Amino acid sequence: MKTNNHTQHNQHVALALNELLFPHRLVFQVLESVNEKSGQAVLLGEILAALTKDQTSVLNRSYENPLINTVRQIITALIKRKLVFIARSERHRHYYAAVSIINPNEMPFVFKPSYRQMVIGLLKDAIIYYKRPVRIGDIDRYLDDIRPDLKGDCKWFRSTVKRLAAEGVLKISHRTRKDKGGGLFYILQDMDSNLISSEIPQSWLETLQLAFRDLWEIQVKKAKASNKLPEPLSSIEVKNYIIDRYGSEIIPHERQAVPNSLRALARLSSITALRKILRPSYSKYLYVPIEVTDDEIELNGSPKSDSEKVYLMTRMALERLGRPVTLVDIAEEINFHPELQLARRQSLSVFLTTQIKLNNLKKIAWINSEWYYFCGNEKSASVKAYLKLKTIEGEWQKLDALLEMNDLDNSSLKTAAYGRCLLIKNTSENFLSNLRVLSKNKSVGSVVNTEASVLYKEVKEIYEQAELWLKDNPKPSCSLPEQVEKNIPGLTVSELWKLLQPLYPEQQQVKTIAEISNVLSDEIRRFKNPYHKPSRCDGTLETVLYLFDRTDAFIYAARTWGGRECCLQAMLAGNNLGLLRDINFVLPGLSSHDYNERLIAIACLAFLQDKEAIDPLYNLSLKDNDGGVRESALWAFAFLGGNIKQLITKLKMTETNAHVLDFAKRLENCDPVELWFI
Amino acid sequence: MSDSFFPELETSIIIETDQMRRVTSKTMAVHRGSALLPWVGRSRLGKTTTARFLNNKINENFTSDDPRAFRSIHYEVGEISSWSNSEQKRGIRSLFHACIGRMDEGFYRRSLPEDLARELVYALKKKRIQMIFIDEAGNLSIDAIRGMVLVRDTAELENWTLTLVFIGMDDLPATMVSLPQIKNRTDEWCYFEPYSLQETFELLGKLHPHFASLDLNKKEHLEQVEFVYEQFGGVPGLLTPFIRRLNSRQHTELEGIIDITGLMAVHLSTLRDKDKALSDSEGGYTGKIKNKSLEELLKI
């Protein structure tokens, strides 16, 4: 019977097709092919999508209406002719089928659920699985973990869910902080409320609260086991617990999610569940359940952060040493207390800064490129004495007296070596008297006394060495003075820059004068300005705290950028002058019998930059019997700013050595900057 | 002074020998060509003394008015081993330290070897140094020697004469001929040999008045000189300590009489101590008396 009906049906279609207009027949054929391909009724859009370019142009030429209207009208006409029927309607959307392909009476195929229905089913399953309203992220997770087979089909479920919520098919159960899983919890409008468990936390705050309670219970148990009171919890401890229990993905991705949420739990009047506690040494809040009182907790427990550990280390170092401490002292505490090992590799000074901000510690002095930290009364006599001692020690170390002593025997200029030794002796004598004054004060404390006595011994040893050296090496010249001049000629940074500017090859890169100070402070000796008056620094001599050693600066510049003669003399001066800046111990060297000593004396005078040396150099350049010495004296004379033209005029009358005359000619027309490059 | 516990002070004197004269004349002969000169020979044959002798002679004769006059420097070099980085620069720095003084570290690090060489040559010209005796040059690596040769070449370029005398033993000759650049620049070789019997006798005569009074034609006298010659093989560096020992015992143990027996006594007392020390060290001497076996005790 079925076959007979189908044959009759086909005959009817064939007759009807003959009567159809060409565009109608064309749309019918397209519908047939789409039905055949998909095996089910199709939407108008699918028919439009299946039209070829030629077919579209035929339809556009035949009718003036837009293509979609044309096709819809043709389909309506075909329905009237019973060639096409509407297989299914869903919210104004019709599924069309050609009778030649799909028999309307038999309907042998099953409809695939629509995408919309599929998403609704998915949501329902997820809600049942999680026993709570779900977020977009939950559906995603459900697809990944439970129904990976649907993942391809439900690619675009996010927009569908939103549309369903807008249409009222879904309702929003509640909102939470937005994160990658979304902030809205969806539930189906007609869902049975028994399927949702009330115990499972629904929001992030609920999850956090639950985790906090669990962790607090553990904390209480632990404390009981060791007969102690429980310590309040830090946000880091809570965070670590949540990660252990739920995984890190549960934590919202915004910055400081856990601390902010904990603070919210302690602050929000509607859900106040926690109480925050501020410990003096910890910059962040600690939390306890709201019902727990201060008597029930241990406030001064183990350190919660690296900063608190560093604070603890500092306190212990202060206690152990009984004096202000440096970073090195604090770091040493780790050796005594390995449990205080920091979690992060960061400079201790960063953590100390935090503690200084919390007013737990104070930076009380900057001595020898080190900060001294202290907590308590920094104006006490013992602290003041200790800082004074450190200042003295720093100044002593800067002198490097031992090296200077050992270098004396290498010095080829005996008079300079004598002066250097005298300088060491006098300086160490001053240090000894300062240390004696410091130790006399009874309120300085044992620490200062001990350290002062160690330094005293060290200085005394050098003093004795110097005394012995002076005994073994009698005065090389009777014209040497009894006392050595201790004043050091200095340059301010701007004066130094003025000197270096014509020589410094990278002058383009130097933007501020202060940069020069930073770059050269290791290369050129700096010392405290004896004329300094505390006021705002405007670059003048009185307002500058530190000065550069002028001789050192000249020697450095000459060694670095100078020409051969300049560099050679700088090396000779550098090797032989040491800390000596007194011209009186160099001048006698000019009359030495040893040509080498005369050469060195000339070099030293050139770099001491004392105008007093001009006349002796003038005489030496004319009268010395060694050509090399005369050459050096000529350069030094010019370098000191002597009238070189006048000297050369006189020299030309007496000089017989061709080398010296050549050298003099080179100097004749040199300006002061060019002298550096000779 | 004679009451002092300490030995008498000695003034060091250098006795000019034929060998020294020969080496000096060979060295001075090639000097104007900026020579590279190895002085080679076994230990204690007088290389360092010859260098000191020549160095003193050059500096004593220097007068600034004489355009031909020059100064010289004699110094002992420390070890610069192969593959120890910047050997050339270290070689030049070694010369700089000896001739001028300490070189600034920054200048050393910043400058290329040729810059260091130029600076050194400038200083040498200023000081009129034309000859440098580098003692214990066996400590130098081939690259360190090349650095020094670079100074000599730079000096030549700047019309300055510079003779480098490498004094040493070890593998110095082999090192110097291993590189053609150095081998072909080595103009002269000086080899130090042990003294002959006659030369030893002459040297002994200058060192001690007893030997000066001897006559080699007399058999007894010849015996004494032959004994010394046989024991020390004509090595002057070994003769002088023997004479020092002889001096110290002449008026005590020998009671002022020096003959062949006395000479033998002085020498054998040292030799006996040396032999004992060596045999102890070879037998694993630990300072403890070994437990002797019964057989050994019975033998005793």
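Reading the values: rules and limits
- Residues numbered from 1 in each chain as written.
- Chains lettered and ligands numbered in written order.
- Predicted model: local features only at pLDDT ≥ 70, side-chain atom pairs only at ≥ 80, totals over all residues.
- Heavy atoms only, no water.
- Helix = DSSP H or I, 4+ residues; strand = E, 2+ residues; numbered from the N terminus.
- Buried < 20%, exposed > 50% of the residue type's maximum accessible area, 1.4 Å probe, protein only.
- Contact = heavy atoms within 4.5 Å.
- Areas by Shrake-Rupley, 256 points an atom, 1.4 Å probe, with all protein chains shown as cover.
- Buried area = accessible area lost by both parts, 1.4 Å probe.
- Salt bridge = Lys/Arg side-chain N within 4 Å of Asp/Glu carboxyl O.
- Polar contact = N/O pair within 3.5 Å; in protein donor to acceptor, adjacent residues only side chain to side chain.
- Pairing = 2+ DSSP bridges.
- Core = buried A, V, L, I, M, F, W, Y, C linked by side-chain atoms within 4.5 Å.
- pLDDT = per-residue confidence, 0-100.
- Phe/Tyr/Trp six-rings, centres within 6.5 Å; stacked < 30°, edge-to-face > 60°.
- Lys NZ or Arg CZ within 6 Å of the ring centre and 35° of its normal.
- 1 Å grid on protein atoms, 1.4 Å probe; cavity = no way out; pocket = protein on both sides within 12 Å on 5 of 7 lines; lining within 4 Å.
- Points joined across faces, edges and corners; volume = space filled by probe spheres on them.
- Axes fitted to C-alpha atoms, helices over the stretch in contact; angles between N-to-C directions.
- Parallel < 35°, antiparallel > 145°, perpendicular 65-115°, else oblique.
- Nonpolar A, V, L, I, M, F, W, Y, C, P; charged D, E, K, R; others polar.
- Patch = residues over 30% accessible without salt bridge, like charges linked within 9 Å, V, L, I, M, F, W, Y side chains within 5 Å.
- Lys, Arg positive; Asp, Glu negative; His and termini not counted.
- Charge placed at Lys NZ, Arg CZ, Asp CG, Glu CD.

### Focus on the overall build of chain B
- Check the secondary structure of chain B and you find 14 helices and five strands.
- Taken over 300 residues, chain B has a buried fraction of 45%.
- Long-range pairs, those at least 24 residues apart, make up 73% of the contacts in chain B between residues at least 6 apart in sequence.
- Put simply, chain B shows about 16600 Å² of open surface, and 52% of that area lies on carbon and sulfur atoms.

### What to know about the interface of chain B and chain A
- Listed by partner, the interface residues are 19 residues for chain B and 20 residues for chain A.
- Of the roughly 1900 Å² buried where chain B meets chain A, counting both sides, 48% is carbon and sulfur surface.
- In terms of surface lost to chain A, no three residues of chain B exceed Arg102(B), Tyr122(B) and Lys126(B), which account for 37% of the buried area on that side.
- On inspection of chain B and its partner chain A, the count reaches six salt bridges.
- Asp407(A) is paired through a salt bridge with Arg102(B); the nearest N and O atoms lie 2.9 Å apart.
- Our count for the contact surface shared by chain B and chain A stands at 13 residue pairs in polar contact (both at pLDDT 80 or more).
- Residue assignment for the side of chain B that touches chain A shows that the elements contributing at least two residues are α4 (105-110) and α5 (113-127) of chain B.
- At six residues, α5(B) tops the list of elements feeding residues into the side of chain B that touches chain A.

### What about the sheet that holds strand β7 (residues 285-289) of chain A?
All names here are of chain A.
- Spatially, three strands are ordered β5-β7-β6 in an open sheet, and the strand pairing comes out antiparallel. The open sheet has two free edges, formed respectively by β5 (233-234) and β6 (274-278), since each of these has just one partner strand.
- Bridge count for β5 against β7 is two bridges, and the pairing is antiparallel. Among the inter-strand pairings, Leu 233 is bridged to a residue of β7, identified as Tyr 287.

### Some words on the environment of Gln88(B)
- In this fold, Gln88(B) is placed in helix α3 (residues 87-99).
- The contacts of Gln88(B), once residues within four sequence positions are left out, are Pro113(B), Asp143(B), Arg146(B), Gly147(B) and Leu150(B).

### Notes on the nonpolar core
- The biggest cluster of nonpolar side chains holds 165 residues, and the ones touching the most others in it are Leu496(A), Phe607(A), Trp635(A), Ile132(B), Ile134(B), Leu140(B) and Phe166(B).
- In this structure, Leu496(A) is in contact with Leu491(A), Ile516(A), Leu520(A), Ile524(A), Phe548(A) and Ala553(A), ignoring residues within four places of it in sequence.
- Counting residues in each nonpolar core, the second largest holds 32 residues, with Val13(A), Leu17(A), Ala41(A) and Ile75(A) among its members.

### So, the confidence of the model for chain B
- In this model, chain B carries a mean pLDDT of 86, and residues with pLDDT of at least 70 account for 92%.
- Prediction confidence for the complex, expressed as pTM and ipTM, is 0.66 and 0.80 respectively.

### Some details on the packing of aromatic side chains
- A complete count under the given rule lists 17 aromatic pairs over all chains for this structure.
- Taking the centre distance of 5.0 Å and the plane angle of 80 degrees together, the rings of Phe639(A) and Trp676(A) count as edge-to-face. Taken as a pair, Phe639(A) in helix α25 (residues 627-639) and Trp676(A) in helix α28 (residues 672-676) lie far apart in primary sequence, 37 residues in all.
- Residue Phe639(A) is classed as buried on the basis of its relative accessible area, which comes to 9%.
- On the basis of an interplanar angle of 55 degrees and a centroid distance of 5.5 Å, the ring pair of Trp39(B) and Phe133(B) is categorised as tilted. Of this pair, Trp39(B) sits in strand β1 (residues 36-41) while Phe133(B) sits in strand β3 (residues 129-135), and the two are 94 residues apart along the sequence.
- Within the aromatic cluster, the residues linked to one another by ring pairs are Phe554(A), Phe607(A), Trp635(A), Phe639(A) and Trp676(A).
- Against the face of Phe548(A) rests Arg526(A), its NZ or CZ located 5.2 Å from the ring centre.

### Notes on the sheet that holds strand β12 (residues 546-549) of chain A
Residues and elements named next belong to chain A.
- With antiparallel pairing, three strands are arranged side by side in an open sheet as β10-β12-β11. One side of each edge strand has no neighbouring strand; the edge strands of this open sheet are β10 (490-491) and β11 (526-528).
- Of the pairings in the sheet, the one linking β10 to β12 comprises two bridges and is antiparallel in character. Of the residues in β12, the one forming a bridge with Gly 490 is Asp 549.

### Quick word on empty space enclosed by the protein
Residue and element names in this part refer to chain A.
- In this structure the tally under the stated criterion is one cavity of 30 Å³ or more.
- For the largest cavity, the calculated volume is near 40 Å³.
- Around the largest cavity, the lining residues are Trp 396, Leu 399, Ala 401, Glu 404, Leu 423, Ile 424, Thr 427, Ser 428 and Leu 579.
- If you list the elements that add at least two residues to the lining of the largest cavity, you get α15 (381-399), α16 (401-407) and α17 (414-440).
- With four residues, the single largest contributor to the lining of the largest cavity is α17.

### Quick look at the side chain of Glu393(A)
- Structurally, the position occupied by Glu393(A) is in helix α15.
- Beyond its immediate stretch of four places on either side in the chain, Glu393(A) contacts Asn368(A) and Leu455(A).

### Some words on the packing of α25(A) against helix α27 (residues 658-668) of chain A
Residues and elements named next belong to chain A.
- For the pair α25 and α27, interaxial distance at closest approach is 9 Å and the crossing angle is 10 degrees. In terms of orientation, α25 and α27 fall into the roughly parallel class. Between α25 and α27, the residues in contact are Gly 627, Arg 630, Glu 631, Leu 634 and Trp 635 and His 659, Val 660, Phe 663, Ala 664 and Leu 667, respectively.
- When its residues are assigned to classes, the contact of α25 with α27 shows six nonpolar, two polar and two charged.

### Some details on a negative patch on the surface
Residue and element names in this part refer to chain A.
- Judged by side-chain charge, Glu 429, Glu 458, Glu 461, Glu 464 and Glu 467 come together as a negatively charged surface patch.
- Per-element accounting of the negative patch gives the leading share, four residues, to helix α18 (residues 445-472).
- Position of Glu 429 relative to the elements: it lies in helix α17.

### Observations concerning the packing of helix α12 (residues 306-321) of chain A against helix α14 (residues 348-357) of chain A
All names here are of chain A.
- Axis separation between α12 and α14 bottoms out at 9 Å; the angle between their running directions is 85 degrees. Classified by the angle between their axes, α12 and α14 sit roughly perpendicular to one another. Contacts between α12 and α14 involve Asp 306, Ser 307, Glu 308, Val 310, Tyr 311, Met 313 and Thr 314 from the former and Leu 348, Phe 351, Leu 352, Thr 354 and Gln 355 from the latter.
- Per-class residue counts for the contact of α12 with α14 are six nonpolar, four polar and two charged.

### Concerning the pattern of salt bridges
- Considering all chains together, one arrives at 42 salt bridges over all chains under this definition.
- Connected via shared salt-bridge partners are Arg323(A), Asp329(A), Lys390(A), Glu393(A) and Glu451(A).

### Points about the environment of Arg93(B)
Residues and elements named next belong to chain B.
- Note on placement: Arg 93 falls in helix α3.
- Residues Arg 93 and Leu 120, 27 residues apart in the sequence, show an inter-C-alpha distance of 8.8 Å.
- Beyond its immediate sequence surroundings of up to four residues, Arg 93 is in contact with Met 103, Glu 105 and Tyr 108.
- A polar contact of 2.9 Å, which involves the side chain of Arg 93, links it to the side chain of Glu 105.

### Re unusual backbone geometry
- Look at Gln609(A): it is not a glycine, yet its phi comes out positive at around 55 degrees.
- Position of Gln609(A) among the secondary structure elements: in the loop between α23 (595-608) and α24 (614-623).
- Even without being a glycine, Asn85(B) presents a positive backbone phi close to 70 degrees.
- Inspection of the secondary structure puts Asn85(B) in the loop between β2 (71-76) and α3.
- On the accessibility criterion, Asn85(B) (59% relative accessible area) is exposed.

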